[in-house]
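A structural walkthrough
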Amino acid sequence: MFRSLIPSALVIFARNGMRLVLLDRTLLGIDYFFATSLPLLMQIIIWWSMPSSISGPSMIFYFAYAIALNRTNNGYSTIEDVSYSIVSGRIETALMKPVNYPLQKLAEFMGGSIVYLPLVIAPAIADFAFNPELSFSRFPVFLGMYLLLITLGQLVCFLISFLISLLTFRTGRTDLVLTIYLSCAAFFGGILLPPDLWPEGARVIMEWNPFAFTVASISQFAITKDFSQFWFALRGGAFYTVLLSLVCIPIWNRVSRQYTAIGG
Amino acid sequence: MITIQNLSKTYQLKDSKVQSLSDISLNIRPGTCFGILGTNGSGKSTLIKILCGLMAPTSGTARVLGEDPSARKRGFLKKIGAVFGHKSSLWWDLPLIESFQSQKVIYGVSDQDYERRLNEITEALGLKEVLDRPVKFMSLGERVKSEIAATLLYSPQVLFLDEPTVGLDLISKFQLRKYIRSWTRETGGIVVLTSHDMVDVEECCDQLLLLDKGVIEYQGAYAEMEKSMFHYRVLTARAVDQLLTETTRKRFQCKLYDRYPHATISSDTEEEVSAQVPSAFHFREIEALFDIGDGIDVQLRKPTLEEALRSYYQSTDRGRHV
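This part is about the packing of helix H7 (residues 117–130) of chain A against helix H8 (residues 139–165) of chain A. Residue and element names in this part refer to chain A. It is at 11 Å that the axes of H7 and H8 come closest, and there the two elements cross at 145°. In this structure, the crossing between H7 and H8 has a hand that is right-handed. Counting all contacts with H7, which are made through Leu117, Val120, Ile121, Ala124, Ile125 and Phe128, the residues of H8 involved are Phe139, Phe142, Leu143, Tyr146, Leu147 and Ile150. The residue makeup of the contact of H7 with H8, split by class, is 12 nonpolar, no polar and no charged.

This is how it looks when you write it as structure tokens:
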């Protein structure tokens, strides 16, 4: 998989991925406002009315981070694109390029995600601005650690999404694989509830599943600013990046060679 | 050079197997435009996909430029190009020029070569005016030409074209065929072309492969195929100012069968009557078949490739011509 790494070509795919997101101004507007502001407002209303023993500013900020990260670390477009390419046969044209196909898609994904960086940095700025206990002198270090976790989260998100999209070779349906992804991401990602509010038995799954390292674990670090939480999120993100890559490579090699869009 | 030896391909479906190609062997030299013909399901696209490396054969070997295409090595992919009918490789929402510039970077084309080829190809295919247009706003014909242009920008040594003229208007088809012919001659590259438009094959191809249910029915030069399959002429009488009377049409048929019992009437309407006659048929014989007067236009011509193939596929007495 990594033999065909061509940096300049990947930059092109990343650049075009970013441009495609920027071109779709309607979707960008929806992502930036309706898909983030409305859920955030709902969360603020819900948690503001909860007893202070279980709510408070940290809970609101958890959801601010989680909602923003859910927009950035989101594999919907990747799954839709890859799955549709498989169903329509258009993947054949991509396979003809001298750049490994998963790397093409990774570059596009990460290029497109750059557009959502302001969205994930905004809650961090607000967090430091409204919290008198936090000094802005710590902000650069925090931001560096936060962005490192987001980058790992991006890799995990992409690998999960790409693997799910490969189910299309079996199912032949885009809507099915999208439903699988959305359900898993919403439930296991920690967007509905932070992991530590789950019952004891479920907490291990909610903290350790791969989706948690795209949203929940990063959000937990962001609100606690605790180095042990950063270390947990870093190790988990790195672990799943390696594990999912090792799973993805042979599966991709197998399905792409057995792929038969029979005939013309 | 493309070399195929005893190549077969079988698709494994859920409860059955489909033998798409059976024991195919051929060689294609540089500077050749090679046409692959056949009915739907004859194995044309399967053969092209194996040569592109998109699938591996079940048995036998294929070598393109000395390499195994199914290995899909980066260096190999940089030397070949493929256009698959309606399947677009361009960036749908971005201006066409962005796709071309992306190709330049991906394939490592120098600035000088890129500018020269861009100018030449867009001029030849009539794409200069649409360079700044997003691909999604282009017509089908413009998109197909753009696909081919994007592939030619990095000057591949082998070009696979699977139904390249589908959706093109007459002018665009003419431009494309002319460009393919000149590109093959000037670069010494190989073009492997499949098409249901026989004129593509007639105008572009030097060598032909005729497939039927995965088996080679004919392989060789187009000129030789003409000799072996075009063993008849088409005689057509068309009404000019008035319709052909039934008397005229019946007399024509009777006289034709008297002279040539094995002739075949291929069309019999009030506007036109048409027959396949032996190659030895001479124009002088027409006088004997018609009471020639005003209102009838008679033509004796070679069959088109489409007519010859249709007749060939419909006949039961088919031998292999290899």
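Continuing now.
What follows concerns the interface of chain A and chain B. Where interface size is given, it is often the accessible area lost as the parts come together that is meant. The partner chain B presents 29 residues to the 31 residues of chain A that form the contact. Around 2800 Å² of area is buried between chain A and chain B when both sides are counted, 63% of it from carbon and sulfur atoms. Put simply, chain A and chain B have four salt bridges between them. Among the ionic pairs, arginine 15 of chain A bridges to glutamate 98 of chain B, the shortest N-O distance being 3.0 Å. Inspection of the region where chain A meets chain B yields six residue pairs in polar contact (both at pLDDT 80 or more). Contributions of two or more residues to the side of chain A that touches chain B are made by helix H1 (7–23), helix H5 (91–95) and helix H13 (227–258) of chain A.

Our next topic: the packing of aromatic side chains. All chains considered together, the criterion is met by 27 aromatic pairs over all chains. Relative to tryptophan 252 of chain A, the ring of tyrosine 101 of chain A has its centre 5.4 Å away and its plane inclined at 25°; by these criteria the two rings are stacked. With tyrosine 101 of chain A in helix H6 (residues 101–113) and tryptophan 252 of chain A in helix H13, this pair connects stretches of sequence that are 151 residues apart. The same class applies to tyrosine 101 of chain A as to tryptophan 252 of chain A, namely buried. An aromatic cluster is built from Tyr65, Phe128, Phe136, Phe139, Phe142, Tyr146, Phe221, Phe227 and Phe230 of chain A, whose rings are joined through pairwise contacts. Lying across the ring of phenylalanine 142 of chain A, lysine 225 of chain A places its NZ or CZ 5.3 Å from the centre. Above the plane of the ring of tyrosine 114 of chain B lies lysine 104 of chain B, whose end atom (NZ or CZ) is 5.9 Å from the centre.

So, how was this worked out
- Residues numbered from 1 in each chain as written.
- Chains lettered and ligands numbered in written order.
- Predicted model: local features only at pLDDT ≥ 70, side-chain atom pairs only at ≥ 80, totals over all residues.
- Heavy atoms only, no water.
- Axes fitted to C-alpha atoms, helices over the stretch in contact; angles between N-to-C directions.
- Helix = DSSP H or I, 4+ residues; strand = E, 2+ residues; numbered from the N terminus.
- Left-handed = near helix turned anticlockwise from the far one by under 90°.
- Contact = heavy atoms within 4.5 Å.
- Nonpolar A, V, L, I, M, F, W, Y, C, P; charged D, E, K, R; others polar.
- Buried area = accessible area lost by both parts, 1.4 Å probe.
- Salt bridge = Lys/Arg side-chain N within 4 Å of Asp/Glu carboxyl O.
- Polar contact = N/O pair within 3.5 Å; in protein donor to acceptor, adjacent residues only side chain to side chain.
- Phe/Tyr/Trp six-rings, centres within 6.5 Å; stacked < 30°, edge-to-face > 60°.
- Buried < 20%, exposed > 50% of the residue type's maximum accessible area, 1.4 Å probe, protein only.
- Lys NZ or Arg CZ within 6 Å of the ring centre and 35° of its normal.

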